[in-house]
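Fold and geometry: a report
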Amino acid sequence: MEPGFVQFLIENWTVLWMSTAAFGAVSIAFAIFHQIPIRRLEQRQFELSIIVEQKTFSESRYRELFENATDAVFITDLDGRITELNRKAETVIGYEGDGARGVNLGSLLPESELGDRIFAQWMNGAANGTEQIEMTSRSGERIAVEVSTRVIEEAGRPHAIQVLLRDVRERAALERQ
């Protein structure tokens, strides 16, 4: 070492030591205070992953119930166009999957005052399953059904219509006998 450097160290030892100690203390404090938010974020991330897992499980159970319901289930927009339907609904109306999406339920009802009135009840969520009507499937087959509907709201505003349709052809045939 050069004598000038050694002399500099001796004369400024206190300042250098204090600067190094202060830098070390600030570094340690930063590391400690930085770790606290990181631990909180890691804990929150873990909690959110559990919530996502629970929601995924719940959605899969709902989807299973929806798809395997014994009654036809439709979700329509506020104009009556099908946006979702289950397997039983596909069977009843004769449309499958994407081919059914966009079909207006009103087009499957009789073109009459009764058909118009029933459709209006459906779109208001007022059908309660007590009235029977005949729908016409894609193949032209007439299907006796009972329908219950309800308005689905999002943020307090009507968003869609849920339609539960019960095929009562067998019951209607027994009643006619």
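Going by the structure above, here's the rest.
Here's what I pulled together on the structure shown here. (Residues numbered from 1 in each chain as written. Predicted model: local features only at pLDDT ≥ 70, side-chain atom pairs only at ≥ 80, totals over all residues. Heavy atoms only, no water.)

A word on the pairing of strand 1 (residues 72-76)
Among the five residues that make up strand 1, five are buried, leaving the element largely enclosed by the rest of the structure. Going residue by residue along strand 1, you find Ala72, Phe74 and Thr76 tucked away on one face and Val73 and Ile75 tucked away on the opposite face as well. Pairing of strand 1 with strand 5 (residues 157-167), which is carried by five bridges, proceeds in the antiparallel orientation. For threonine 76, the partnering residue across the bridge sits in strand 5 and is isoleucine 161. Inspection of the sheet shows strand 1 paired to strand 2 (residues 82-85) by three bridges, in the antiparallel sense. Looking across to strand 2, one finds that threonine 76 is bridged to isoleucine 82. (Buried < 20%, exposed > 50% of the residue type's maximum accessible area, 1.4 Å probe, protein only. Helix = DSSP H or I, 4+ residues; strand = E, 2+ residues; numbered from the N terminus. Pairing = 2+ DSSP bridges.)

A short note on the side chain of asparagine 86
Secondary-structure assignment places asparagine 86 in the loop between strand 2 and helix 2 (87-93). You can call asparagine 86 buried: its relative accessible area is 0%. Setting aside its immediate chain neighbours within four residues, asparagine 86 contacts Phe66, Glu67, Ala69, Asp71, Ala72 and Val73. (Contact = heavy atoms within 4.5 Å.)

Examining the nonpolar core
In terms of nonpolar packing, the biggest core is built from 26 residues, with Phe74, Ile93, Leu105, Trp122, Met135 and Leu165 touching the most fellow members. Counting only elements with at least two residues in this core, the list comes to strand 1, strand 2, helix 2, helix 4 (113-124), strand 3 (128-136), strand 4 (142-154) and strand 5. No other element matches helix 4, which puts four residues into this core. Those residues within four positions of methionine 135 in sequence are excluded, and the remaining contacts are Ile93, Leu105, Leu108, Leu109, Trp122, Glu141, Arg142, Ile143, Val145 and Leu165. (Core = buried A, V, L, I, M, F, W, Y, C linked by side-chain atoms within 4.5 Å.)

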